[in-house]
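Chains, contacts and geometry: an overview
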Amino acid sequence: MASTDGAPRRDEQLQRRLARGEETALGELYDQLAPMVHGLAGRILADQTAATQLTREIFAHVWEHPESFDPSCGSLRSWLGALTHRHAVDRLRARRAEETGFAGPDEEDEIRTVATAARVQYVVAALPQPLRETIAESYYDGRTYRETARRLGISEQAAKQRMRLGLALLSTELEQERERQRGPVPTADEPWGWHRTAGAGSTDGPRVEEDGQRTEGGGT
C-alpha cells in the first residue's frame, strides 16, 4: 500500500504501546485513521450517527484488544478497514432485515454493491497521491490515458504506468481485506469478542470518547 518501508515497524511499535496501555498511542491512531474508518462506515451505512458510533466501537476494540492485530498480515490501516467493513455490513444487513422483515436476494445484492464500492474507495484513498489522482481521472471519470496525461501534466506512458501500479496495489489490498474477512466468525453473545463493550449504554470498562482518549471506569 501507500506506506514506506518503516510503516510495518511503526505499526508494531504502536501496537506495543497500546498493549502497555499508553493513551497517547490510541490518540495518535485515532487522529490518523478515525476519518478513514468513519468515512468507510458512513459510506456503507449511509447514517452519520451510526458511523460515529461504530467508529468509537472500533477504536474501543483496538484499545481493549491490541493483540488481535497481526502485523505479519498487513498494516493497521488495512486491519481497521477490514474490521470496519465487516461490522458495518453486518449492521446494514440487520437494519435492512428489520425494515423489510427479511433480507432477500435483492437486498443482499444491494448490500454487496454498496460495501464493495465503499471498500474500493477506502483503499484508493490510501494510495500515494500520484496514483490516486490518476485512478480518479482514468478509472472513475472515464478519461483516456491521453486525456489523463494532459490534465495531470505527465506523459501518456507515465499515466499508463501509474494506472497499472495503482490497480495492482488496489487488487492486493482488496485481497488482503478479503482474507481478513474470512477469519473466525464472532458469536452472537460476544459479536466483537470483547470482554467488555464500549460506547453508548456501557456502564463498565474503558470508553473511547470522540477525541480518541481512554477514560477509566464507567458511568456517564
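Source: prediction; values computed, not measured. (Residues numbered from 1 in each chain as written. Predicted model: local features only at pLDDT ≥ 70, side-chain atom pairs only at ≥ 80, totals over all residues. Heavy atoms only, no water.)

**Thoughts on the overall build of the protein**
Secondary structure summary: the protein contains eight helices and two strands in total. For the protein, the sequential pattern of α-helices and β-strands runs α-α-α-α-α-α-α-α-β-β. The buried share of the protein, taken over its 220 residues, is 40%. Once local pairs closer than 6 in sequence are excluded, the contacts in the protein between residues at least 24 apart make up 64%. Accessible area for the protein stands at about 11,800 Å²; split by element, carbon and sulfur atoms hold 49% of it. (Helix = DSSP H or I, 4+ residues; strand = E, 2+ residues; numbered from the N terminus. Buried < 20%, exposed > 50% of the residue type's maximum accessible area, 1.4 Å probe, protein only. Contact = heavy atoms within 4.5 Å. Areas by Shrake-Rupley, 256 points an atom, 1.4 Å probe, with all protein chains shown as cover.)

**Regarding the confidence of the model for the protein**
Summarising the model, the protein shows a mean pLDDT of 77, and 75% of its residues fall at 70 or more. For the protein, the element scoring lowest by mean pLDDT is strand 1 (residues 207-208), at 40; helix 3 (residues 48-64) scores highest, at 95. When the criterion is pLDDT under 50, residues 1-5 qualifies, and its contacts beyond four places in sequence or with other chains add up to nine contacts. In this model, residues 184-220 is a region of pLDDT below 50 whose contacts with residues beyond four sequence positions or in other chains number 69 contacts. (pLDDT = per-residue confidence, 0-100.)

**Some thoughts on a nonpolar patch on the surface**
A grouping of Tyr-139, Tyr-140 and Leu-167 is seen on the molecular surface, where their side chains present a nonpolar patch of about 300 Å² in accessible area. Relative accessible area serves as the criterion here: at 31%, Leu-167 is assigned to the partly exposed category. (Patch = residues over 30% accessible without salt bridge, like charges linked within 9 Å, V, L, I, M, F, W, Y side chains within 5 Å. Salt bridge = Lys/Arg side-chain N within 4 Å of Asp/Glu carboxyl O.)

**Quick word on the packing of aromatic side chains**
Under the counting rule described, the total for this entry stands at two aromatic pairs. Summarising the aromatic geometry, the rings of Phe-69 and Trp-79 are spaced 5.5 Å apart at their centres and angled 45 degrees between planes, so their arrangement reads as tilted. Taken together, the positions of Phe-69 in the loop between helix 3 and helix 4 (76-100) and Trp-79 in helix 4 put the pair 10 residues apart, joining distant regions of the chain. Residue Phe-69 is classed as buried on the basis of its relative accessible area of 3%. (Phe/Tyr/Trp six-rings, centres within 6.5 Å; stacked < 30°, edge-to-face > 60°.)

**A look at the pattern of salt bridges**
Within this structure, the stated rule accounts for 11 salt bridges. A salt bridge links Arg-93 to Asp-90, with the shortest nitrogen-to-oxygen separation between them at 3.6 Å. Taken together, the positions of Arg-93 and Asp-90, both in helix 4 and three residues apart, correspond to about one turn of that helix. Residue Arg-93 is classed as partly exposed on the basis of its relative accessible area of 29%. Here Asp-90 falls in the partly exposed class, since its relative accessible area comes to 37%.

**Considerations on the nonpolar core**
Core analysis: the largest hydrophobic core is formed by 40 residues, its most contacted members being Leu-18, Leu-29, Ile-44, Ile-58, Phe-59, Trp-79 and Leu-80. Mapped onto this core, the elements with two or more residues apiece are helix 1 (7-19), helix 2 (23-45), helix 3, helix 4, helix 5 (105-125), helix 6 (129-140) and helix 8 (156-181). The biggest single contributor to this core is helix 2, with 11 residues. Once residues lying within four places of it in the same chain are set aside, the contact partners of Leu-18 are Ala-25, Leu-26, Leu-29, Val-62, Trp-63 and Pro-66. (Core = buried A, V, L, I, M, F, W, Y, C linked by side-chain atoms within 4.5 Å.)

**Some details on the packing of helix 6 against helix 7 (residues 145-152)**
With their axes 9 Å apart at the nearest point, helix 6 and helix 7 run at an angle of 135 degrees to one another. Here helix 7 runs oblique to helix 6, going by the angle between their axes. Like other packed secondary-structure pairs, helix 6 and helix 7 cross with a definite hand, here right-handed. On helix 7, the residues touching Glu-133, Thr-134, Glu-137 and Ser-138 of helix 6 are Tyr-145, Thr-148, Arg-151 and Leu-152. Among the residues making up the contact of helix 6 with helix 7, the classes are represented as two nonpolar, three polar and three charged. (Axes fitted to C-alpha atoms, helices over the stretch in contact; angles between N-to-C directions. Parallel < 35°, antiparallel > 145°, perpendicular 65-115°, else oblique. Left-handed = near helix turned anticlockwise from the far one by under 90°. Nonpolar A, V, L, I, M, F, W, Y, C, P; charged D, E, K, R; others polar.)

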